[in-house]
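So the chains spell out like this:
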Amino acid sequence: MKFVEAINRALHDAMQRDPSLVVLGEDVGIDGGVFRATDQLFETFGGQRVIDMPLAEAAIAGVSVGLAS
């Protein structure tokens, strides 16, 4: 198994176990990211849990802090 496949499997397994988990970041949505670390997560868990953020680190940090509170 390649390293990126292990990351993808770990994300999938964790999201399957805990419905409160979300993945957000740049280029993580429908296409599964440049390295395919999030491949098939959007199709499996939907756009409410796999969120493709804009290229704005401040927005990602703000959403993350908001989700944590």
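What counts and how
- Residues numbered from 1 in each chain as written.
- Predicted model: local features only at pLDDT ≥ 70, side-chain atom pairs only at ≥ 80, totals over all residues.
- Heavy atoms only, no water.
- Helix = DSSP H or I, 4+ residues; strand = E, 2+ residues; numbered from the N terminus.
- Rg over C-alpha atoms; globule rule 2.2 N^0.38 Å.
- Buried < 20%, exposed > 50% of the residue type's maximum accessible area, 1.4 Å probe, protein only.
- Contact = heavy atoms within 4.5 Å.
- Areas by Shrake-Rupley, 256 points an atom, 1.4 Å probe, with all protein chains shown as cover.
- Lys, Arg positive; Asp, Glu negative; His and termini not counted.
- Charge placed at Lys NZ, Arg CZ, Asp CG, Glu CD.
- Patch = residues over 30% accessible without salt bridge, like charges linked within 9 Å, V, L, I, M, F, W, Y side chains within 5 Å.
- Salt bridge = Lys/Arg side-chain N within 4 Å of Asp/Glu carboxyl O.
- Core = buried A, V, L, I, M, F, W, Y, C linked by side-chain atoms within 4.5 Å.
- pLDDT = per-residue confidence, 0-100.
- Polar contact = N/O pair within 3.5 Å; in protein donor to acceptor, adjacent residues only side chain to side chain.

## A word on the overall build of the protein chain
And step 1. Assigned secondary structure in the protein chain consists of three helices and two strands.
And step 2. Along the protein chain, helices and strands appear, N-terminal first, in the series α-β-α-β-α.
And step 3. The C-alpha atoms of the protein chain give a radius of gyration of 12 Å, which matches the 11 Å a tight globule of 69 residues would have.
And step 4. Counting only C-alpha atoms, the protein chain reaches 35 × 25 × 20 Å along its principal axes.
And step 5. Burial status across the protein chain gives 22% buried among its 69 residues.
And step 6. Within the protein chain, counting contacts between residues at least 6 apart in sequence, those at least 24 apart form 65% of the total.
And step 7. Counting every atom, the protein chain has about 4,700 Å² of accessible surface; 60% of that belongs to carbon and sulfur.
And step 8. Taking the average place of the 5 positive charges on the side chains of the protein chain and the average place of its 10 negative ones, the gap between the two points comes to 9 Å.

## What to know about a negative patch on the surface
And step 1. On the surface, Glu-26, Asp-27, Asp-31, Glu-43, Asp-52 and Glu-57 cluster together to form a negatively charged patch.
And step 2. Along the chain, Glu-57 turns up in helix H3 (residues 57-68).

## Side note on the nonpolar core
And step 1. One finds Met-15, Val-23, Val-28, Leu-41, Phe-45 and Val-50 forming the largest nonpolar core, which totals six residues.
And step 2. Contact partners of Met-15, with chain neighbours within four places excluded, come to Leu-21, Val-23, Leu-41, Phe-45, Arg-49 and Val-50.

## With respect to the environment of Val-63
And step 1. Tracing the backbone through its elements, the reader meets Val-63 in helix H3.
And step 2. Given a relative accessible area of 33%, Val-63 falls into the partly exposed group.
And step 3. Sequence separation between Val-63 and Leu-24 is 39 residues, and the spatial gap between their C-alpha atoms is 9.0 Å.
And step 4. Apart from residues no more than four positions distant in its own chain, Val-63 is found in contact with Leu-24 and Met-53.

## So, the confidence of the model for the protein chain
And step 1. Per-residue confidence for the protein chain averages 91 on the pLDDT scale, and 100% of its residues sit at or above 70.
And step 2. Predicted confidence in the protein chain is weakest over H3, with a mean pLDDT of 87, and strongest over helix H1 (residues 3-17), with 97.

## Things to note about the side chain of Thr-38
And step 1. Here Thr-38 shows up in the loop between strand S1 (23-25) and helix H2 (41-45).
And step 2. Of note is the side chain of Thr-38, whose polar atom sits 3.1 Å from the backbone oxygen of Gly-32.
And step 3. Not counting residues up to four positions away in its chain, the partners in contact with Thr-38 are Asn-8, Leu-11, Val-23, Val-28, Gly-32 and Gly-33.

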